[in-house]
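Remarks on the overall topology
Single-letter residue listing:
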Amino acid sequence: MKEDIFKDYQERLNSLDENIRAVALKHARDFHLNKNCSKEEAIERGITKAEIANRKL
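Let me begin by describing the structure that accompanies this report. (Residues numbered from 1 in each chain as written. Predicted model: local features only at pLDDT ≥ 70, side-chain atom pairs only at ≥ 80, totals over all residues. Heavy atoms only, no water.)

Comments concerning the overall build of the chain
- Of the regular secondary structure elements, the chain holds 4 helices and 0 strands.
- The linear arrangement of helices and strands in the chain, starting from the amino end, is α-α-α-α.
- For 57 residues, the compact-globule formula gives about 10 Å, and the C-alpha radius of gyration of the chain, at 10 Å, lands near that figure.
- Looking at the chain as a whole, 28% of its 57 residues qualify as buried.
- Split by element, the accessible area of the chain, about 4,100 Å² in all, is 44% carbon and sulfur. (Helix = DSSP H or I, 4+ residues; strand = E, 2+ residues; numbered from the N terminus. Rg over C-alpha atoms; globule rule 2.2 N^0.38 Å. Buried < 20%, exposed > 50% of the residue type's maximum accessible area, 1.4 Å probe, protein only. Areas by Shrake-Rupley, 256 points an atom, 1.4 Å probe, with all protein chains shown as cover.)

The structure is reproduced here in structure tokens:
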């Protein structure tokens, strides 16, 4: 389900580490559904949040 929402951004997601990709998709889905973000904004915010969490900044 999560992957279907952002299938247009698969190329962008494929460049990410597998662990970051999974977390980024989770965050992106939450941003898109709960914060009324566009898909593009949600995916970028999700990736950013996942990378920050991974680096523990």
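That covers the picture; the talk isn't over yet.
Thoughts on the packing of helix H3 (residues 18–34) against helix H4 (residues 39–55)
- Axis separation between H3 and H4 bottoms out at 7 Å; the angle between their running directions is 135°. When the interaxial angle is binned, H3 and H4 end up oblique. Where H3 crosses over H4, the two elements pack in a sense that is right-handed. Facing H3, whose interface residues are Ile 20, Val 23, Ala 24, Leu 25, His 27, Ala 28, Phe 31 and His 32, H4 presents Lys 39, Ala 42, Ile 43, Arg 45, Gly 46, Ile 47, Lys 49, Ala 50, Glu 51 and Asn 54.
- Its residues placed into classes, the contact of H3 with H4 shows 10 nonpolar, 4 polar and 4 charged. (Axes fitted to C-alpha atoms, helices over the stretch in contact; angles between N-to-C directions. Parallel < 35°, antiparallel > 145°, perpendicular 65-115°, else oblique. Left-handed = near helix turned anticlockwise from the far one by under 90°. Contact = heavy atoms within 4.5 Å. Nonpolar A, V, L, I, M, F, W, Y, C, P; charged D, E, K, R; others polar.)

Notes on the nonpolar core
- Counting 14 residues, the largest nonpolar core has Phe 6, Leu 13, Leu 16, Leu 25, Ala 42, Ile 43 and Ile 47 as its most contacted members.
- Mapped by element, the contributors of at least two residues to this core are H3 and H4.
- Looking at which element gives the most residues to this core, the answer is H3, with 5 residues.
- If we ignore the near neighbours within four places in the chain, the residues touching Leu 16 are Arg 21, Ile 47 and Glu 51. (Core = buried A, V, L, I, M, F, W, Y, C linked by side-chain atoms within 4.5 Å.)

Some remarks on H3
- For H3, spanning 17 residues, the distance from its first C-alpha to its last is 24 Å, which sits close to the expected 24 Å at 1.5 Å a residue.
- Burial in H3 covers these residues: Ile 20, Ala 24, Leu 25, His 27, Ala 28 and Phe 31.
- Measuring from the side-chain oxygen of the N-cap residue of H3 to the backbone nitrogen of Asn 19 gives 3.1 Å; that N-cap residue is Asp 17.
- Taken from the residues just after H3, Asn 36 is the one with a positive phi, measuring 55°. (Expected span 1.5 Å × (residues − 1). Polar contact = N/O pair within 3.5 Å; in protein donor to acceptor, adjacent residues only side chain to side chain.)

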